[in-house]
Amino acid sequence: MITLWQDLKYGARIFIRSPGFTIVAILALALGIGTNTSIFSVVNGVLLRPLPYPGSERLVWVGGTNAKRGISDSSLSMPDYSDWKNQADAFESMAAFIQSGVILTTDNAEPERVPRALVTTSFFPTMAVNAVVGRYFSNEDERWGSAPVAVLSHGLWQRRFGSNPGIIGSRINLGGRPTTVIGVLPAGFDYPSKAQIYTPLKMEPEERRDNRYVNVLGRLKPTATLAGAQSQIDTLNTRLQQQYPETNDGWTARLTGLQEWTTRDVRT
């Protein structure tokens, strides 16, 4: 306390003698401390903190590549995804999805365009997310020609439907199609891209392998490694290139941890 008192008296004398210098020094310190605190808050929230999904360290982004064509990051085809899902045993589960928008119409409310994700049945298990009301998609919902169904984000359920649990089983209109609501997701989950409505992604009976339009995620088994999974995907893609040379020549896939993939544009 004696040393502190001496420092305070010395600082007061300097301030009185050179107030301009002291004010500049204080402002420089305040700006430096404030800037570093702000930057670290952003870095911690965006780059260091794990993704808000259970076991997020095992989530993997699968991106298409074709060195022959100079393509380093491409969407993928549903048939290729289906083969990987059924044959790559390094994965606990694998899912495909695409993003879009859709016009939502309900009784006694203005139509609005909301972000939508079309996802395979395995999407929610891959993300380790369960419905808080109702259920998510079944294999029957993913079958081509099945009745239209939808799962709502928690935010849309609150904002548009007043958190009414009776929404389950009711009809809404999505893009002109009557659709049955079957579930509501937990608060805070809106992947990908702030999606508010989820509908099943269905593979056409004669889907072409060169129709590359889906994104693919995988969840590694607890004992699997990213390198081991990459090796399996490489082997499967070599086989697909030989089996379907017209559509798969040169095509392979690169696996990246979802955390790294998500922050790739903001890291620098």
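Conventions adopted
- Residues numbered from 1 in each chain as written.
- Predicted model: local features only at pLDDT ≥ 70, side-chain atom pairs only at ≥ 80, totals over all residues.
- Heavy atoms only, no water.
- Helix = DSSP H or I, 4+ residues; strand = E, 2+ residues; numbered from the N terminus.
- Buried < 20%, exposed > 50% of the residue type's maximum accessible area, 1.4 Å probe, protein only.
- Contact = heavy atoms within 4.5 Å.
- Axes fitted to C-alpha atoms, helices over the stretch in contact; angles between N-to-C directions.
- Parallel < 35°, antiparallel > 145°, perpendicular 65-115°, else oblique.
- Left-handed = near helix turned anticlockwise from the far one by under 90°.
- Nonpolar A, V, L, I, M, F, W, Y, C, P; charged D, E, K, R; others polar.

## Quick word on the environment of arginine 212
Its location among the elements puts arginine 212 in strand β11 (residues 212-220). On the basis of relative accessible area, arginine 212 is assigned to the buried category, the value being 18%. For arginine 212 and tyrosine 191, which are 21 residues apart along the polypeptide, the C-alpha to C-alpha distance reads 21 Å. Setting aside anything within four residues of it in sequence, one finds arginine 212 in contact with Ser74, Ser75, Leu76, Ser77, Asp80, Thr247, Asn248 and Trp251.

## Observations concerning unusual backbone geometry
Residue proline 192 is bonded to the preceding tyrosine 191 through a cis peptide linkage, with omega at 0°. Residue position: proline 192 is located in the loop between β9 (177-184) and β10 (197-200). The phi dihedral of lysine 194 is positive, around 60°, even though this residue is not glycine. Its place among the elements puts lysine 194 in the loop between β9 and β10.

## Observations concerning the packing of helix α3 (residues 78-87) against helix α7 (residues 226-243)
At their nearest, the axes of α3 and α7 sit 11 Å apart, and the two run at 130° to each other. With respect to each other, α3 and α7 are oriented oblique. Two packed elements cross with a definite hand, and for α3 against α7 that hand is right-handed. On the side of α3, the interface is formed by Asp80, Asp83, Trp84 and Gln87, while α7 contributes Ile233, Leu236, Asn237, Arg239 and Leu240. Of the residues that constitute the contact of α3 with α7, the class distribution is four nonpolar, two polar and three charged.

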